[in-house]
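# Structural overview for review
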Amino acid sequence: MRKNIVAGNWKMNLDYEQGVSLFSEIVNMVKDEVVGSQEVVVCSPAIHLSSIAKLSSGVNNVHIGAQNIHEAESGAYTGEISASQVKSVGANHVILGHSERRAFFKETDALLAEKVNAALKHQLTPIFCIGETKEERESGRFFDVIKTQLEAGLFHLSATDFERVVLAYEPVWAIGTGLTASPEQAQEVHAFIRKTVAEQYGEAIAEDTSILYGGSCNPSNAQNLFSQKDIDGGLIGGASLKSRDFLDIAKVFNA
Ligand code: 13P
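Residues numbered from 1 in each chain as written. Predicted model: local features only at pLDDT ≥ 70, side-chain atom pairs only at ≥ 80, totals over all residues. Heavy atoms only, no water.

So, on to unusual backbone geometry. In terms of backbone geometry, most residues other than glycine have negative phi values and most peptide bonds are trans. Within the chain, glutamine 123 stands out as a residue other than glycine whose phi angle is a positive 60 degrees. Summarising the element assignment, glutamine 123 is placed in the loop between α5 (109–121) and β5 (125–130). Residue serine 216 is not a glycine yet carries a positive backbone phi of 55 degrees. By the element assignment, serine 216 lies in the loop between β7 (211–214) and α11 (222–226). (Helix = DSSP H or I, 4+ residues; strand = E, 2+ residues; numbered from the N terminus.)

Rendered as structure tokens:
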């Protein structure tokens, strides 16, 4: 069964105290207000993970994740964090392929494929991001771009491994810009992603794959986006830094 997921990406925000305090609020609000089967995931900076893991332990619809891992098992990679280290603090998700990592840290599809392997090996669920830039949308090449990102980053996986991946469509032009994709624009791409997955892994796996939308998602537009047939939740940046907004987005799936 396809899961509905609302995931927050805190990016490089919040000092230690602020993060722990925001996460406590989120956990309490989820306990009081979330009544559906949706999952709430918070992807924090690495410094918060071990503390927030303790706060979420035993709360079965709240999960935590990292925003990146290194592809190697361990070793001389100063400043990096491995999948097993992330797993060891109690996190069970990791965002991979975010457009900010692709753009600012030059992460290629081939590197991301290795990171996906490392995540799966250590029982982390990759939230794998794909999406086109403004130029790629305007030139009409966006379907090709998205297909290549899927093929090169993920389609080396066996069907059993692919079933453990969550996808997130994040049009780069909509991230942090206030320019949300319209529900119709987003649905069009989500349907294309599902069709591409079906061609590779078959209809049943495609139907079970959760595909989240990300890019200026907020409490005012979440309902319209999430009511689209192929949109199974959101990956939320700015609005995940405010507990009230984040919960209001998560509660769209209460209905
Ligand atoms: P915003 O919600 O701030 O546009 O960020 C989206 C995002 O990049 C989530 O990963």
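What follows concerns the pairing of strand β6 (residues 166–169). Residues Val166 and Ala168 line one face of β6 and the alternating positions Leu167 and Tyr169 line the opposite face, and both faces are buried. Examined bridge by bridge, β5 and β6 share four bridges and lie parallel to one another. Residue pairing for β6: isoleucine 127 is matched across the bridge by valine 166. Direction of pairing for β6 relative to β7: parallel, over a ladder of three bridges. Across the sheet, leucine 167 pairs through a bridge with isoleucine 211, a residue of β7. (Buried < 20%, exposed > 50% of the residue type's maximum accessible area, 1.4 Å probe, protein only. Pairing = 2+ DSSP bridges.)

Throughout the structure, instances matching the rule amount to 18 salt bridges. A salt bridge links aspartate 232 to arginine 194, with the shortest nitrogen-to-oxygen separation between them at 2.9 Å. Taken together, the residues aspartate 232 in the loop between α11 and β8 (233–236) and arginine 194 in helix α9 (residues 183–201) connect sequence positions 38 residues apart. As far as burial versus exposure is concerned, aspartate 232 and arginine 194 are alike and both buried. A network of salt bridges, in which partner residues are shared, links Arg2, Arg194, Glu207, Lys229, Asp230 and Asp232. (Salt bridge = Lys/Arg side-chain N within 4 Å of Asp/Glu carboxyl O.)

Of all hydrophobic cores here, the largest spans 69 residues; its most connected members are Leu154, Leu167, Ile193 and Phe226. Among the elements that take part in this core, α9 stands out by supplying seven residues, more than any other. Counting residues in each nonpolar core, the second largest holds eleven residues, with Cys43, Ile95, Ala168 and Leu212 among its members. (Core = buried A, V, L, I, M, F, W, Y, C linked by side-chain atoms within 4.5 Å.)

This next bit is on the site of the ligand. Every residue close to the ligand is listed here: Asn9, Lys11, His98, Glu170, Ala174, Ile175, Gly176, Gly215, Ser216, Leu235, Gly237 and Gly238. Between glycine 237 and the ligand, the recorded distance is 2.9 Å, taken from a backbone N or O atom to an oxygen atom. Between the ligand and the protein, one listed contact pairs an oxygen atom with a backbone N or O atom of glycine 238 at 2.8 Å. Burial of the ligand by the protein chains amounts to 94% of its free accessible area of 310 Å². Tallied by class, the residues present in the shell around the ligand amount to three nonpolar, seven polar and two charged. (Near = heavy atom within 4 Å. Polar contact = N/O pair within 3.5 Å; in protein donor to acceptor, adjacent residues only side chain to side chain. Areas by Shrake-Rupley, 256 points an atom, 1.4 Å probe, with all protein chains shown as cover. Nonpolar A, V, L, I, M, F, W, Y, C, P; charged D, E, K, R; others polar.)

On to the environment of alanine 91. Within the secondary structure layout, alanine 91 lies in the loop between α3 (83–88) and β4 (93–96). Its relative accessible area of 0% is what places alanine 91 among the buried residues. Setting aside anything within four residues of it in sequence, one finds alanine 91 in contact with Leu49, Ile64, Gly65, Val86 and Leu124. (Contact = heavy atoms within 4.5 Å.)

Our next topic: the sheet that holds strand β3 (residues 62–66). In space, the eight strands of this closed barrel follow the order β1-β2-β3-β4-β5-β6-β7-β8, with parallel pairing throughout. For this sheet, the mean inter-axis angle between neighbouring strands, taken without regard to orientation, is 25 degrees. Two strands pair when backbone bridges link them, and strand β1 (residues 5–9) and strand β2 (residues 39–43) are joined in this way by five bridges, in the parallel orientation. Paired with asparagine 9 across the bridge in β2 is cysteine 43. Strand contacts of helix α1 (residues 16–33): β2 and β3, with the helix running at about 150 degrees to β3, the strand carrying the most contacts. (Axes fitted to C-alpha atoms, helices over the stretch in contact; angles between N-to-C directions.)

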